[in-house]
Amino acid sequence: MSISSKNYKWGSFEVWADDDSFVGLFYSINARESVSVAAHKGGSSVYRLSSGILLVRREDSPSESDGVIVTAGDAISLDENTPYIFSAIRDCEVYGIAPRAPGEKVGKKTGDL
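These numbers were taken from a predicted model, which means no experiment stands behind them.

Novice: How should the pattern of salt bridges be read in this particular structure?
Specialist: Note on pairing: side chains with opposite charge can pair once their charged atoms come close. Here the structure, examined in full by the defined rule, presents four salt bridges. As a salt-bridge pair, Glu33 and Lys9 come within 3.2 Å of each other at their nearest N and O atoms. Separated by 24 residues along the polypeptide, Glu33 in the loop between strand E3 (22–29) and strand E4 (34–37) and Lys9 in the loop between strand E1 (4–8) and strand E2 (11–18) bring together distant segments of the chain. Taking relative accessible area as the criterion, Lys9 reaches 68% and is therefore assigned exposed. Linking Asp60 and Arg58 is a salt bridge whose minimum nitrogen-to-oxygen distance equals 3.7 Å. Here the salt bridges do not stand alone but share partners, grouping Arg58, Asp60 and Asp79 into one network.

What follows is the structure, encoded as structure tokens:
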């Protein structure tokens, strides 16, 4: 069940869970497309790639070739307060759990995650 979803040029984004302590995210990213993943406060985010091949790198990385290759079935933990870029090598489906910062209100507009 989707709480909200939106289509983009690079694919689509969906919020599938939302409560006081975390938000559940889903990215469907087209091959050869990239998306910026916002920094989260309150702890590290965890993402699992259910299909495809994905390059994950810090947004402040000096080179597009820096990063980690993630394949279907792998999970990766992203550092707190650090924005990342997901670049799909093949079409990807990525599920994530991101913590909410203490005191952050449910439904507070945070932009496209």
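Novice: Can you help me understand a nonpolar patch on the surface in this one?
Specialist: On the surface, a cluster of nonpolar side chains totalling about 260 Å² of accessible area is made up of Trp16, Tyr95 and Ile97. Here Ile97 shows up in strand E10 (residues 92–99). A relative accessible area of 34% places Ile97 in the partly exposed class.

Novice: What's the story with the nonpolar core in this structure? I'm lost.
Specialist: Among the nonpolar cores identified, the biggest contains 22 residues, and Tyr27, Ile29, Tyr47, Leu54, Phe86 and Val94 are the most heavily contacted of them. The element that contributes the greatest number of residues to this core is E3, accounting for four residues. With residues up to four places along the chain from it excluded, the contact list for Val94 reads Leu25, Phe26, Tyr27, Ile29, Tyr47, Arg48, Leu49, Leu54 and Phe86.

Criteria and cut-off values
- Residues numbered from 1 in each chain as written.
- Predicted model: local features only at pLDDT ≥ 70, side-chain atom pairs only at ≥ 80, totals over all residues.
- Heavy atoms only, no water.
- Salt bridge = Lys/Arg side-chain N within 4 Å of Asp/Glu carboxyl O.
- Helix = DSSP H or I, 4+ residues; strand = E, 2+ residues; numbered from the N terminus.
- Buried < 20%, exposed > 50% of the residue type's maximum accessible area, 1.4 Å probe, protein only.
- Patch = residues over 30% accessible without salt bridge, like charges linked within 9 Å, V, L, I, M, F, W, Y side chains within 5 Å.
- Areas by Shrake-Rupley, 256 points an atom, 1.4 Å probe, with all protein chains shown as cover.
- Core = buried A, V, L, I, M, F, W, Y, C linked by side-chain atoms within 4.5 Å.
- Contact = heavy atoms within 4.5 Å.

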